[in-house]
Amino acid sequence: MVTKQHSAQLERFKKTLESEHQLLIADLAMALTSIETETSRNVLANLKALSCDELVELLADEECPEINRTLKRLRAVDASLCQTELGLYGFCADCEKAIELDMLQRDATQQRCYACDQIHRHVKKNNKRILL
Ligand SMILES: [Zn+2]
C-alpha cells in the first residue's frame, strides 16, 4: 500500500542514497587520482559517463583496497536506487516483508528485515567458523 507518508519517506531515502552516490563518486575520483595507472586515468576522464557496472568491470583488476571498498558501497547504493525506481525499495530480500524503518535509517542500502538479517549474520558467522 502506498500512502502519502510512505512516498514521502521513500523520497527521503532516495535523496539520502543520491547524495551518498555523489560522495562515493568523489571518493572514487580521489582514489583514482592517487593510483595513476592507465586505467585509472581513462576511468577518471569518463567518470560521469560510466555506469556503476561499467566502473566495477573496468576497475576489477585494480588492487587498491580504497577503490574496492568504494566500489562495493557504490554497488549497494546503486542497487538500492534502482529499487526505488522499480518500487521495490524497502522490502526484505528474503521474506519480502517491509524492512523496519529504523534499519533503513541506519543504512539506506539495507536489504533484509531485522529477523532475516539476524539469521543471515548467524549463518555467515557459522560459515566462517567452518572455514577456519
Ligand atoms: Zn525478512
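- The name that an unreviewed UniProt entry assigns to the protein is DksA C4-type domain-containing protein, with the source organism given as Neiella marina.

A closer look at the UniProt feature "zinc finger region: dksA C4-type" (unreviewed entry) in the protein
Here comes step 1: The feature "zinc finger region: dksA C4-type" (unreviewed entry), as given by UniProt, occupies residues 92–116 in the numbering adopted here.
Here comes step 2: For residues 92–116, the helix share is 36%, the strand share is 0%, and the end-to-end C-alpha distance is 8 Å.

Structural notes on the environment of Asn-68
Here comes step 1: Assignment of secondary structure puts Asn-68 in helix H4 (residues 65–86).
Here comes step 2: According to the C-beta neighbour criterion, Asn-68 is partly exposed, with 15 such atoms within 10 Å.
Here comes step 3: For the pair Asn-68 and Lys-128, spaced 60 residues apart in the sequence, the C-alpha separation amounts to 21 Å.

Notes on the packing of helix H1 (residues 4–35) against helix H2 (residues 38–45)
Here comes step 1: Here H1 crosses H2 at 145 degrees, and the two axes come no closer than 8 Å. Here the hand of the crossing between H1 and H2 comes out left-handed. Where H1 approaches H2, its residues Ala-29, Leu-32, Thr-33 and Ile-35 are matched on the opposing element by Ser-40, Val-43 and Leu-44.
Here comes step 2: Looking at the contact of H1 with H2 residue by residue, the class counts come to five nonpolar, two polar and no charged.

Quick word on the domain arrangement of the protein
The parts lose accessible area when they come together, and the size of an interface is often stated as this lost area.
Here comes step 1: Parsing the protein into structural domains produces domain 1 (1–89) and domain 2 (90–132).
Here comes step 2: On a C-alpha basis, the centroid separation for the pair domain 1 and domain 2 is 21 Å.
Here comes step 3: Each side of the interface is counted separately: domain 1 has eight residues, and domain 2 has five residues.
Here comes step 4: If you list the elements that add at least two residues to the side of domain 1 that touches domain 2, you get H1 and H4.
Here comes step 5: Residues belonging to the side of domain 1 that touches domain 2 are distributed by class as follows: six nonpolar, two polar and no charged.

Calculation criteria
Residues numbered from 1 in each chain as written. Predicted model: local features only at pLDDT ≥ 70, side-chain atom pairs only at ≥ 80, totals over all residues. UniProt positions renumbered as here; feature names shortened; annotations may be inferred. Helix = DSSP H or I, 4+ residues; strand = E, 2+ residues; numbered from the N terminus. Buried ≥ 20, exposed ≤ 12 C-beta atoms within 10 Å, placed from the backbone. Axes fitted to C-alpha atoms, helices over the stretch in contact; angles between N-to-C directions. Left-handed = near helix turned anticlockwise from the far one by under 90°. Contact = placed C-beta atoms within 7 Å. Nonpolar A, V, L, I, M, F, W, Y, C, P; charged D, E, K, R; others polar. Domains from an automatic or database assignment.

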